[in-house]
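Next come the chains, spelled out residue by residue.
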Amino acid sequence: MKDYVIKKLLLGVALIFCVSFLVFSMIYMMPGDPASIMAGQLSSRENLEAIRHEYGFDRPFLVQYFDWIRKILFERDFGISYKYRLPVWGLIKTRIPISLKLTVATLIIENLVAVPLGLICAYKKDSLIDRLAVGTSLVLTAVPSFWLAAILMLVFAVNLKLVPVAGFESWRNYILPIVTGVVSGLASTIRLTKSEAMDALREKYVITAYAKGLTKRGVLVKHVLRNSLIIIAVNLFLQLPWLISGYIIIENVFGIPGMGNLMVNSIVEQDFNVIQAIILIITTLTVVCNILSDIVLGILDPRIRIAVTGGDR
Amino acid sequence: MKKHTEPLLSVRDLNFKFTLRGQVLHALRDISLDVYPGESLAIVGESGSGKSVFVKCLMGLNDLNGYVESGSIEYGGKDLTLLKTDSDWKDIRGSRIAMVLQDPMTSLNPLKTIGWQIEEAVRLHQGLKGAEAKKAVYSILEEVGISEPERRAKQYPHEFSGGMRQRVVIAIAMACRPEILICDEPTTALDVTIQAQILGLIRQMQKKYNLTTIYITHDLGVVANVADRIAVMYAGEIVEVGTSDEVFYDPRHPYTWALLSSLPQLGVKGEPLYSIEGTPPNLFHEVKGDAFAPRNPKALKIDYVKRPPMFAVTATHSARTWLIDPRAPKVDPPEHILALRERGKDLVAKAAAEGTALYGASAPEEETGAAASAAVNEENGSAKGVTARG
């Protein structure tokens with residue numbers, strides 16, 4: 001197991017480096033030059049040169065890249081935001097917890113709703129509750145989240161005045177964004193749970209378990225549920241990065257100052273250092289979640305555990 | 001030779017149907033069959049003939065869209081067709097009837113150690129707990145031929161080979177201490193050398209615990225090896241039933257002829273293998289007359305009109321074909337079937353002389369089983385002489 005985790009970690013680190021390289025080259029691939037953005041369009045050539053020199057844009061590409069990496073790793077310095085003229089880390093630091101709070105809450109609520117529903121749908125396939133749950137969630141997922149966010153806001157905040165329209169001061173501000181997030185992820189989790197549980201129900205070992213004389217309850221809990229939970233647990237971790245990117249737009253609609261909000265603003269302003277930092281953070285989070293899901297899978301499924309460890313437990 | 005006049009389990013006129021998307025599938029049509037204590041009964045038939053559905057009826061394991069329309073299954077003073085809920089089945093499933101499923105690769109839970117899976121049955125049916133249950137697991141594992149049981153019990157199914165897994169599946173069934181063991185194609189997924197071992201193991205368990213075994217198979221080689229009695233199923237009905245010798249050496253139903261004819265062992269080298277023309281009838285529609293008639297080149301007129309009843313050939317042998325009716329014209333079975341009959345004559349006569357019931361617990365592999373299997377497993381070379389086929 002230890003070798004397995006170490007291998008996954010090394011792969012993850014390598015992946016993050018690859019992404020960081022791509023992200024850093026972005027500056028050179030995109031139109032516009034950071035110096036001219038900082039100086040403004042009408043700045044003189046001398047002024048531009050001075051800015052280039054001051055920020056080190058005139059150095060060779062690789063030197064700049066490794067300098068950037070070194071600063072991030074050892075000084076937690078992601079550079080300066082061209083727009084705010086403030087350290088990027090300082091800008092992001094306060095926004096990470098807000099985004100994480102939103103996504104984790106969404107994740108938990110979504111799974112608390114979707115997993116039991118999926119199990120019921122699988123067990124009572126083709127019943128009213130199955131059709132209702134699958135149909136409704138499918139329609140809701142097909143609705144774009146920004147549109148849903150706007151509609152929810154109109155109905156519950158503007159017309160009914162049940163919750164505040166925007167802001168982030170009280171927990172009530174988070175209700176609508178979380179509902180939006182939950183709704184847009186619901187169908188996929190319900191369907192995943194349902195199909196996993198249905199596969200498990202169809203397995204021969206379920207017949208073996210019945211033939212053994214176990215009651216329905218015993219079979220469902222000990223054989224069906226346990227076996228379908230593997231994929232559900234893995235899915236939990238894999239959903240997190242998706243949700244974070246999903247919130248890039250929802251945060252903007254509700255005016256919640258999370259990472260997504262900052263990211264959109266930075267893209268508009270061509271604030272490269274901020275964009276790079278956020279992409280890097282989301283990448284790292286994705287990689288970490290993937291590693292975690294692999295580890296969970298290894299713990300829950302003995303077939304994988306043994307395949308990766310050669311039998312030491 | 002022991003005589004068993006009282007059946008252990010008795011099925012009478014069982015009709016079983018499934019509803020599928022508004023249509024009704026008549027899966028079992030008027031099945032009547034007795035199972036005698038201690039015997040090995042083989043149910044033979046092609047895929048879709050209803051043999052699996054039939055044994056699942058005995059354990060209430062059919063899908064929920066299936067239902068018993070009429071008939072009864074008498075077992076232990078109860079009518080099994082009346083059992084509905086899991087708690088109704090509690091005293092039967094596992095405790096009195098256990099089952100070995102077809103494919104050992106998928107019939108074990110991949111996430112649980114095999115020790116855990118056997119222990120589950122031990123706890124339920126032997127009422128043991130903790131260390132005692134563990135001990136029982138080890139001894140069962142040893143009994144089914146798995147060495148180092150204490151180490152193996154901690155392993156997962158994927159760490160076992162196919163044959164070993166089938167041994168584990170048998171161990172689970174035996175841990176239930178059943179009276180009847182149903183083996184649903186127990187060797188289909190295994191290679192030939194392992195097949196013999198597994199059949200040997202089942203037979204060993206049968207002797208040791210005085211089990212009654214019901215085999216479902218489409219492999220006549222397996223049947224010849226293990227069965228005391230054979231029931232041939234076609235299109236949801238039993239078309240012929242008799243002792244192993246009677247069915248192998250004196251088959252009466254054209255479908256049984258065709259089935260035996262398609263045995264590669266009875267074929268002649270260089271000639272194409274025999275195969276039955278056509279396909280089985282669609283059971284979504286009611287079958288008129290003899291279900292096999294459209295595929296039977298020698299079918300009588302009446303076969304298309306009226307369904308034949310079960311005709312008794314001897315006290316133990318009966319077949320559902322008009323050919324046995326005294327008014328029927330004489331239709332001879334294919335020549336190689338006649339040749340088989342020639343060879344089996346002595347055996348069948350001997351059986352008749354000894355009374356009605358040849359099926360018994362007395363060393364089947366030496367008498368009935370071995371004789372039948374010798375005929376079936378005969379090599380092409382020596383079979384040539386007696387199976388000149390047209």
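Structure: above.
Residues numbered from 1 in each chain as written. Chains lettered and ligands numbered in written order. Predicted model: local features only at pLDDT ≥ 70, side-chain atom pairs only at ≥ 80, totals over all residues. Heavy atoms only, no water.

Draft legend 1. Representation of the pairing of strand 9 (residues 229–234) of chain B. Residue and element names in this part refer to chain B. Judged by how many residues are buried, strand 9 sits mostly within the fold: six of six residues are covered. Of the two faces of strand 9, both are covered, the one formed by Arg229, Ala231 and Met233 as well as the one formed by Ile230, Val232 and Tyr234. With four bridges connecting them, strand 3 (residues 40–44) and strand 9 associate as parallel partners. Along strand 9, the bridge assignment pairs alanine 42 with isoleucine 230. Examined bridge by bridge, strand 9 and strand 10 (residues 237–243) share six bridges and lie antiparallel to one another. Bridge pairing in strand 10 links methionine 233 to isoleucine 238. Taking the residues between adjacent antiparallel strands as the criterion, strand 9 and strand 10 are bridged by two residues, where alanine 235 takes a positive phi near 50°. (Buried < 20%, exposed > 50% of the residue type's maximum accessible area, 1.4 Å probe, protein only. Helix = DSSP H or I, 4+ residues; strand = E, 2+ residues; numbered from the N terminus. Pairing = 2+ DSSP bridges.)

Draft legend 2. Here's a closer look at the interface of chain A and chain B. Between chain A and chain B, the contact holds 23 residues from the first and 29 residues from the second. Summing both partners gives a buried area of about 2300 Å² for chain A against chain B, and 62% of it is carried by carbon and sulfur. Remark: the boundary between chain A and chain B carries one salt bridge. Of the charged contacts in the structure, one is a salt bridge between lysine 212 of chain A and glutamate 120 of chain B, with a shortest N-O distance of 2.6 Å. Taken together, chain A and chain B are joined by ten residue pairs in polar contact (both at pLDDT 80 or more). Put simply, the parts of the chain that give the side of chain A that touches chain B at least two residues each are helix 10 (204–212), helix 11 (216–254) and helix 14 (302–309) of chain A. (Contact = heavy atoms within 4.5 Å. Buried area = accessible area lost by both parts, 1.4 Å probe. Salt bridge = Lys/Arg side-chain N within 4 Å of Asp/Glu carboxyl O. Polar contact = N/O pair within 3.5 Å; in protein donor to acceptor, adjacent residues only side chain to side chain.)

Draft legend 3. Layout of the packing of aromatic side chains. Throughout the structure, instances matching the rule amount to 13 aromatic pairs over all chains. Summarising the aromatic geometry, the rings of tyrosine 65 of chain A and tryptophan 68 of chain A are spaced 6.3 Å apart at their centres and angled 40° between planes, so their arrangement reads as tilted. Note that tyrosine 65 of chain A and tryptophan 68 of chain A are positioned in helix 4 (residues 61–75) at a spacing of three residues, about one turn of the helix. The exposure class assigned to tyrosine 65 of chain A is buried, which follows from its relative accessible area of 3%. Tryptophan 68 of chain A sits in the buried class, given a relative accessible area of 7%. Relative to tryptophan 322 of chain B, the ring of phenylalanine 311 of chain B has its centre 5.8 Å away and its plane inclined at 65°; by these criteria the two rings are edge-to-face. Placement of phenylalanine 311 of chain B in strand 11 (residues 311–312) and of tryptophan 322 of chain B in the loop between strand 12 (318–319) and helix 11 (335–353) is noted, with a sequence separation of eleven residues between them. Across this residue pair, the class does not change: phenylalanine 311 of chain B and tryptophan 322 of chain B are buried. Residue placement shows lysine 112 of chain B over the ring face of tryptophan 116 of chain B; its charged tip is 4.3 Å from the ring centre. (Phe/Tyr/Trp six-rings, centres within 6.5 Å; stacked < 30°, edge-to-face > 60°. Lys NZ or Arg CZ within 6 Å of the ring centre and 35° of its normal.)

Draft legend 4. Highlighting unusual backbone geometry. Residues and elements named next belong to chain A. Notably, arginine 76 is not glycine yet its phi reads approximately 45°, a positive angle. Mapped onto the elements, arginine 76 comes out in the loop between helix 4 and helix 5 (88–93). At glutamine 270, a residue that is not glycine, the phi angle is positive and equals roughly 55°. By secondary structure assignment, the location of glutamine 270 is in the loop between helix 12 (259–269) and helix 13 (272–300).

Draft legend 5. Up close: the pairing of strand 6 (residues 97–100) of chain B. Residues and elements named next belong to chain B. Of the two faces of strand 6, the one carrying Ile97 and Met99 and the one carrying Ala98 and Val100 are both buried. Bridge count between strand 6 and strand 7 (residues 180–184): four bridges; the pairing is parallel. Bridge pairing links valine 100 to cysteine 183 in strand 7.

Draft legend 6. Quick look at the pattern of salt bridges. For the coordinates displayed, the defined rule picks out 28 salt bridges over all chains. Here glutamate 75 of chain A ties to arginine 70 of chain A by a salt bridge, and the two come within 3.3 Å at their closest N and O atoms. The class for glutamate 75 of chain A is partly exposed, based on a relative accessible area of 46%. The exposure class assigned to arginine 70 of chain A is partly exposed, which follows from its relative accessible area of 37%. For lysine 17 of chain B, the salt bridge identified is with glutamate 69 of chain B, shortest N-O distance 2.8 Å. In this pair, lysine 17 of chain B is assigned in strand 1 (residues 9–20) and glutamate 69 of chain B in strand 4 (residues 66–75), connecting sequence segments 52 residues apart. What makes lysine 17 of chain B buried here is its relative accessible area of 12%. Residues joined by salt bridges that share partners form a network here, namely Arg59, Asp67, Arg70, Lys71 and Glu75 of chain A.

Draft legend 7. Expanded view of the sheet that holds strand 5 (residues 78–79) of chain B. Residue and element names in this part refer to chain B. Strand order in the open sheet made by the four strands is 2-1-4-5, with antiparallel pairing throughout. Every other strand in the sheet has two partners, leaving strand 2 (23–35) and strand 5 as the edge strands with one partner each. Pairing analysis gives eight bridges linking strand 1 to strand 4, with the strands arranged antiparallel. When the bridges of strand 4 are listed, leucine 9 appears paired with tyrosine 75. The sheet contacts of helix 1 (residues 51–59) involve strand 1, strand 2 and strand 4, and relative to strand 1 the element is tilted by about 110°. (Axes fitted to C-alpha atoms, helices over the stretch in contact; angles between N-to-C directions.)

Draft legend 8. View of a nonpolar patch on the surface. All names here are of chain A. Together, Phe146, Trp147, Ile151, Leu154, Val155, Phe156, Val158, Leu160, Leu162, Val165 and Ile249 make up an exposed nonpolar region whose accessible area comes to about 940 Å². Of the residues forming the nonpolar patch, the biggest block, seven residues, is contributed by helix 8 (residues 145–159). Among the secondary structure elements, valine 165 is positioned in the loop between helix 8 and helix 9 (175–202). Using a relative accessible area of 39% as the deciding quantity, one classes valine 165 as partly exposed. (Patch = residues over 30% accessible without salt bridge, like charges linked within 9 Å, V, L, I, M, F, W, Y side chains within 5 Å. Areas by Shrake-Rupley, 256 points an atom, 1.4 Å probe, with all protein chains shown as cover.)

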